[in-house]
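Spelled out from the first residue to the last, the chains are:
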Amino acid sequence: MQKDEWYNIVRTTDPETSKSAAKQEIGRVLKAKDRVLQLLVEQGADNGMTSEDLERYDSITTSKYRTAIKHLCDAGYIVAFGTRLSSHNKQQRIWFASDQGIDMYDKIKRG
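These numbers were taken from a predicted model, which means no experiment stands behind them. (Residues numbered from 1 in each chain as written. Predicted model: local features only at pLDDT ≥ 70, side-chain atom pairs only at ≥ 80, totals over all residues. Heavy atoms only, no water.)

Observations concerning the pairing of strand E1 (residues 78-85)
Thought 1: As paired strands, E1 and strand E2 (residues 91-97) are joined by 6 bridges and run antiparallel to one another. Across the sheet, isoleucine 78 pairs through a bridge with alanine 97, a residue of E2.
Thought 2: Between E1 and E2, which pair antiparallel in sequence order, lie 5 residues; one of them, asparagine 89, sits at a positive phi of approximately 60°. (Pairing = 2+ DSSP bridges. Helix = DSSP H or I, 4+ residues; strand = E, 2+ residues; numbered from the N terminus.)

Here is the structure:
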C-alpha cells in the first residue's frame, strides 16, 4: 500500500477532517499488516493462526486485522490452508505466511 493511497478513498470535495481520517486509516492498516505478518511468522509457523488466534494473542477484536489479512492475502504474503472451529463453533480459515511473506517479514525486521 502506497503512502498516498489515502487520496483514493476520499473525494476532492471532502473536508480536511475526512482526508485526515483517511490518512490515519491507511496508517492503521499498514501497522496491522506488519503485525499480522509478524504473528504468522513468529507464532503461527507450525500450526498457522485463525482470526480468533490473532485476537487472543493480541487481545483485540478481529475486525482490526480483517482488512490487513485481505491485503496480505491479495499480495501473496499469506495463504489459507484448511479451517479450524472457533470458540463459537464456526469454521475459520487457518492462515500461514507464504515464502514471499517470510522474505518480506525478514526485510521489515532488518529495517
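Considerations on the pattern of salt bridges
Thought 1: Taken as a whole and judged by the stated rule, the model has 4 salt bridges.
Thought 2: In this structure, the salt-bridge partner of arginine 56 is glutamate 52, at a minimum N-O distance of 3.0 Å. Of the two residues, arginine 56 and glutamate 52 are both situated in helix H2 (residues 51-58); the distance of 4 residues between them amounts to about one turn of the helix.
Thought 3: A salt bridge links lysine 70 to aspartate 74; the nearest nitrogen and oxygen atoms lie 2.6 Å apart. Here the residue lysine 70 and the residue aspartate 74 both occupy positions in helix H3 (residues 63-74), the gap between them amounting to 4 residues, near one helical turn. Take lysine 70 and aspartate 74: they sit in the same class, and that class is exposed.
Thought 4: The structure contains a network of salt bridges with shared partners spanning Glu52, Asp53, Arg56 and Arg84. (Salt bridge = Lys/Arg side-chain N within 4 Å of Asp/Glu carboxyl O. Buried < 20%, exposed > 50% of the residue type's maximum accessible area, 1.4 Å probe, protein only.)

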